[in-house]
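# Notes for the structure review
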Protein chains: 4
Amino acid sequence: MLLFCASFALSAQNRHFFPDVEGYHTLTGDMHVHTRFSDGDVWPTSRIDEAYLEGIDVICITDHIDDRHKRMVKAGLFNCDRNESYRIAAKHGKKKDVIVIHGGEVSRGMPPGHFNTLFVSDNEAIAVLNDAEKDHYKAMEVSLKEARKQNSFNVWNHPHWSSQAPNETKWFPEHTKLFEQGLMDAIEIYNGSEGYSPEAHQWAIDRNLALIGGTDTHNPIALELNFNAGVLRPCTLIFAKERTVEGVEEALWARRTAVYGDGMLYGSEEVLRPLFEATLVMTKVQFHKKSCEVVFENRSNVPVVLTKAPGSEEVHYKRFRIVHPQEKFTMWINGSDYHGAPLKVDEFYLSLYVENYITAPGKPLLYKVKLTRPQ
Amino acid sequence: MLLFCASFALSAQNRHFFPDVEGYHTLTGDMHVHTRFSDGDVWPTSRIDEAYLEGIDVICITDHIDDRHKRMVKAGLFNCDRNESYRIAAKHGKKKDVIVIHGGEVSRGMPPGHFNTLFVSDNEAIAVLNDAEKDHYKAMEVSLKEARKQNSFNVWNHPHWSSQAPNETKWFPEHTKLFEQGLMDAIEIYNGSEGYSPEAHQWAIDRNLALIGGTDTHNPIALELNFNAGVLRPCTLIFAKERTVEGVEEALWARRTAVYGDGMLYGSEEVLRPLFEATLVMTKVQFHKKSCEVVFENRSNVPVVLTKAPGSEEVHYKRFRIVHPQEKFTMWINGSDYHGAPLKVDEFYLSLYVENYITAPGKPLLYKVKLTRPQ
Amino acid sequence: MLLFCASFALSAQNRHFFPDVEGYHTLTGDMHVHTRFSDGDVWPTSRIDEAYLEGIDVICITDHIDDRHKRMVKAGLFNCDRNESYRIAAKHGKKKDVIVIHGGEVSRGMPPGHFNTLFVSDNEAIAVLNDAEKDHYKAMEVSLKEARKQNSFNVWNHPHWSSQAPNETKWFPEHTKLFEQGLMDAIEIYNGSEGYSPEAHQWAIDRNLALIGGTDTHNPIALELNFNAGVLRPCTLIFAKERTVEGVEEALWARRTAVYGDGMLYGSEEVLRPLFEATLVMTKVQFHKKSCEVVFENRSNVPVVLTKAPGSEEVHYKRFRIVHPQEKFTMWINGSDYHGAPLKVDEFYLSLYVENYITAPGKPLLYKVKLTRPQ
Amino acid sequence: MLLFCASFALSAQNRHFFPDVEGYHTLTGDMHVHTRFSDGDVWPTSRIDEAYLEGIDVICITDHIDDRHKRMVKAGLFNCDRNESYRIAAKHGKKKDVIVIHGGEVSRGMPPGHFNTLFVSDNEAIAVLNDAEKDHYKAMEVSLKEARKQNSFNVWNHPHWSSQAPNETKWFPEHTKLFEQGLMDAIEIYNGSEGYSPEAHQWAIDRNLALIGGTDTHNPIALELNFNAGVLRPCTLIFAKERTVEGVEEALWARRTAVYGDGMLYGSEEVLRPLFEATLVMTKVQFHKKSCEVVFENRSNVPVVLTKAPGSEEVHYKRFRIVHPQEKFTMWINGSDYHGAPLKVDEFYLSLYVENYITAPGKPLLYKVKLTRPQ
């Protein structure tokens, strides 16, 4: 007998929620996911059910397309082609309104390591070629070129994976070659197992590559994320014109992505600023006789971490404040000479670093707004 | 790349823990589990990882052994025999110290419905025969007889499954026939999807069948149990002489089982009384001038729900108390005439119903102990 | 220095939320709360902060007004009148948009026990009289009469308190006397320490008394409720024409209340039926060729527990289903002769017991709706 | 009526636990706590109940001793001396086995700001003098000298409090004067409202002052800490020869403290190294043919965050790993040339940074151990 479909909602603390920004849907996507059809332990349908519960809009099925597949077939564990996991997931995705991307992972020794190819049409073509070569770089180049014929979007995965980068994270000449041929479109700067790589983040900035985050999950997700401790799934934020596969594709090519992991958001100023302004909304500004009152609301499920930034020395407000998910909080602005001093100016800047919105390694978003007492 | 083995501990509130009882290990077992090798969505290894995290000692792999298997092979999803899921699980069970039982589920229309056969050696033999017959009862009889040749222990599953018992839970003449031939050894009185069946509980008592509980899980377990709300997995408690497959087998044949589900424990007085006494331990009894102080400790992870039972009218203590997991609490016993009245007797009974230890439908365990002031 | 105002949101699982019903606001109120101004350990402002975090709309400050007060003044712990805790709470309530009711608890031996007097204007007048008498009943009568002069609404508290009802819950002749003089308007059928009393529930039904629930909290609430396990605060549901003190008062006199405790709702059919219909909303009914599909949404934060009720024998749907908070679920209705049988009728009743909406002791709400295939 | 004593255990994820170290008890203490007897909202007994539930061994009652007290007395809110909150807490502490320290907070404008005086005998003497002076520095000096006559241990509180340090955290000449007179023994480098101050941490190191952490809690603690998200209370770790007030006092004077806040531990190498070695225990080292297996157990309730440190380039192991509370994990060490390469050396260093054990601002503890293959 079949257990009834499990559909209770995860506690809100484990669900992603971000507001849309002007002109774009804010979608969350896990761009790196394995299933039982390579070396994951999870059936493709469960990947969709998991995503649905966690507020994840997009799942890229990126099973390994290498020899592992052949070995599984040989062992009698399955007997189907390398597109089967996508097909199963895509069908179930329609039921649950989760967008499913057809992808695959090409795994080679370092350099150049592993690449995900997204929006492909047939992994078999890519994989056969992949098996044919012994030279790591050559094999990858051939595979990526075949994938590109299918109009793939190529991501260099986890440059900081300790198995391939045992002591430091390196960009090899081979990466330059792939990049220069237009075969590298993005870098995975956050990976569920390895965390964030500042090196990869910087390389992506320097070369205008899209920022990608994914879990690289192999087990049932609840064995990998500590939901009881309020963890949210690492993912890519995609600012899409429409909530479709094509919408996601267009956004990736246009570099309109950011990355969420461990409470931090990584992205260019162009994408993070509108996201921040849609997230932490100033709902009230009122000048009182001796102070100014500002009310903020955090409209996302991610805490916003604020510190006072330079440029506001003449006024006083708290130097550190975490605005919790969905929290409304009131900031009081006074004079800075002693505790509770009256506000002495009629116009000032409110300057804040958003410590968990990171525009480049070590660089938080600066938010600065001029407030003026009405006449 | 492989995500590092997920091994964080679930919060203690989601882990089973029961103390051992005199002469026996108290084991927890999920006796009804599906994997990807029938219609579950989970690979056998994940079933072990899940059990390990939840403090489950025993997993019975009970994939359907019927035509579904053939259809999967035909569809190219796998190509292996009906024992493969057990083999994969058993191998991983050794690594994680989880006991794995070789089983299978024989699914027929009602009557007689579905049966699990545990401790088998070859599901293929049972399944082939199962496919050969069109008559529900006949086919089941043939399969159970074959399983019995393999020394199986047979469980009637979820008599209250609404798909086969749409309006009421019934015992059919066919069940009498199977029972009289010795082909039914136990009933599943708690099923993850259907909950508890008082009818099944009563039938098991009337015929001295073992009490069995299982999840019948098909999805990743965290999609079925609300861990965030502190839920513990439904299971069978097995009082085993040793922590081995053989120990479990001996205990089942000897009817030394109880069932946990939704905060309740179901079992005969013979098994629940020693479990209760090992669980809620009286660590101190002290007579004061005007009162008597008793300290209890709950040494399990399941709350103990106590109410005052008849037989203690001359003394006063709280009429209702939940003793939370691992909680130590002090009960004050006074006279019953007014709030805080002095204790007037030197000897009395402390009588308690344990409202969540159920020895028969509607009947809680009665705990009664005589306390006497030392001379 | 002062710690910044604590304003993070409790996880949604610990916040009350009920939809409004036709013509009324659905308010939640804790009608029995102590502070440091009697024998509680919490300052009145914190009672408001707690309520705000938990989605509690109304707090009744019901400090003991008896000798305890005098003793505290003597001990130098405070020096103010018996209305001070209300004043402090009311002021803070305005800031946090929590409605605060001026009340007090008159505590006497049993019979008649303890009574809360709500909507009073001066506890001093009630208390002085209260101290003057030695006879339990007389003293209570005098106090309640004085309170009634202040237009109080009087609640008999926790008739099942084990300190005053050591072996059974009793209605004494003294309660009849108070009732017949119009000095008893409601009974507390759920109390945070004692839980639910079916006896009290029945008495309230028999005499048309309002149903009241409260925590009777003395400690910080997070020391009394296990928030980590997803517990919601026991409370009174008040169906008020407006969200004001006067609105609450009118609703209480009109008996438009229900009681929430431990996942159960207690109330008359008149109040529970509209609440249920606003809570579990049928958002879709579609007849397919061989089945009927019905979609329900639970719009509250309390699970809804459904079982199949008599009257629907000719169709099949699940016999048991918990609809979790904010969950949307699809019920499939088929024929009842075997698993997956085609629906054979074009019109039928969907009959459900709502097992946790209790209209009288042991009696769940029956929900029955006729569904007809469109021509 | 009194609600039964709330004694359920908080989920283990919210309880502190650290192993003892060679020769010392590892105690946790909240060294900065307010109650209703200054501007807190909580009765002293609740401070003890909270500590008990959270595994906090030591509570310092540090109510403000300034004019606020006088104003409260005037307002009739209480009428007792400035030692009353300590007395109430100390009495209740005995019942719950929580150590209570008699302290007070002297609050002045900056410089020099606020100081806690611990282990005092009479706050009245300190306070009266405190009220007598208008000059911030002078008043503080006089108070601290009086406190010192009572053998107090003096802590400079929250140098980074934004109300007194609106734009940067500064050490003033006045602090030098107090320090040089021996009137400053410690600095609060972590404060519940302000978080961690690297500046204060560095000053404490430079002048051999004890490191102190405290919550500065004014509200019920569950309104300030997000227990649902698994937060642990910020505190001071005290390595004491005995679990008594005297033991705590001796440890503070000897500078045997560390500070816990937000998942980080701050302390000198002398105290953090033995704590780390008692916490992350290497329970197994086994050389296999092609690899070396090391098993670690985290014996605390705080995650341990490890990264690979320089000095182990010739071998490969994961570059990043969080060891969760009570987790046992196996580290595999291989050769570093490619994924899964055989170990090529018979002796090597395992070098790890413990990223959340901080010995100086920005400086994690380095853990380095030589492993040698047995002959």
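Remember, predicted model here, so these are calculated numbers, not experimental data.

Counting secondary structure elements, chain A contains nine helices and 19 strands. In terms of C-alpha radius of gyration, chain A reaches 23 Å, essentially the compact-globule figure of 21 Å for 375 residues. Structurally, chain A occupies a C-alpha span of about 80 × 55 × 35 Å along its principal axes. Relative to its 375 residues, chain A shows a buried fraction of 54%. Contacts in chain A between residues far apart in sequence, at least 24 positions, make up 67% of those at least 6 positions apart.

Moving on, we come to the sheet that holds strand E15 (residues 315–316) of chain A. All names here are of chain A. If you walk across this open sheet you meet the four strands as E12-E13-E17-E15, and the pairing is antiparallel. Edge strands, defined here as strands with exactly one partner in the open sheet, are strand E12 (280–287) and E15. Where strand E13 (residues 292–298) lies against strand E17 (residues 328–335), six bridges are found, and the strand directions are antiparallel. Along E17, the bridge assignment pairs Phe296 with Phe329.

The next subject is the confidence of the model for chain A. Residues and elements named next belong to chain A. Across chain A, the average pLDDT comes to 92, with 96% of residues at 70 or higher. Per-residue pLDDT stays below 50 along residues 1–10; that stretch engages in 33 contacts with residues further than four places along the chain or on separate chains. This complex was scored by the predictor with a pTM of 0.88 and an ipTM of 0.87.

Once that is clear, we can look at the pairing of strand E13 (residues 292–298) of chain B. All names here are of chain B. Looking at chain direction, strand E12 (residues 280–287) and E13 are connected through seven bridges and run antiparallel. Within E13, the position partnered with Leu280 by the bridge is Asn298. Counting the residues that bridge the hairpin from E12 to E13 gives four residues.

This brings us to the packing of helix H1 (residues 44–54) of chain B against helix H3 (residues 84–96) of chain B. Residue and element names in this part refer to chain B. Put simply, H1 and H3 touch, their axes get as near as 8 Å, and they point 35° apart. Here H1 runs over H3; the crossing is right-handed. Where H1 approaches H3, its residues Pro44, Thr45, Arg47, Ile48, Asp49 and Tyr52 are matched on the opposing element by Ser85, Ile88, Ala89, His92, Gly93 and Lys96. Partitioning the contact of H1 with H3 into residue classes produces five nonpolar, four polar and three charged.

Another aspect to go through is the domain arrangement of chain A. All names here are of chain A. Taken domain by domain, chain A holds domain 1 (16–267) and domain 2 (279–372). Between domain 1 and domain 2, the residue contacts involve 15 residues of the former and twelve residues of the latter. Counting residues per element, the ones that place at least two in the side of domain 1 that touches domain 2 are helix H7 (198–206) and strand E11 (264–266). Residue composition of the side of domain 1 that touches domain 2, by class: ten nonpolar, five polar and no charged.

Taken together, four strands build an open sheet; the order of strands is E12-E13-E17-E15 (chain C) and the sheet is antiparallel. At either margin of the open sheet sits one strand with a lone partner, and together these are strand E12 (280–287) and strand E15 (315–316) of chain C.

Criteria and cut-off values
Residues numbered from 1 in each chain as written. Chains lettered and ligands numbered in written order. Predicted model: local features only at pLDDT ≥ 70, side-chain atom pairs only at ≥ 80, totals over all residues. Helix = DSSP H or I, 4+ residues; strand = E, 2+ residues; numbered from the N terminus. Rg over C-alpha atoms; globule rule 2.2 N^0.38 Å. Buried ≥ 20, exposed ≤ 12 C-beta atoms within 10 Å, placed from the backbone. Contact = placed C-beta atoms within 7 Å. Pairing = 2+ DSSP bridges. pLDDT = per-residue confidence, 0-100. Axes fitted to C-alpha atoms, helices over the stretch in contact; angles between N-to-C directions. Left-handed = near helix turned anticlockwise from the far one by under 90°. Nonpolar A, V, L, I, M, F, W, Y, C, P; charged D, E, K, R; others polar. Domains from an automatic or database assignment.

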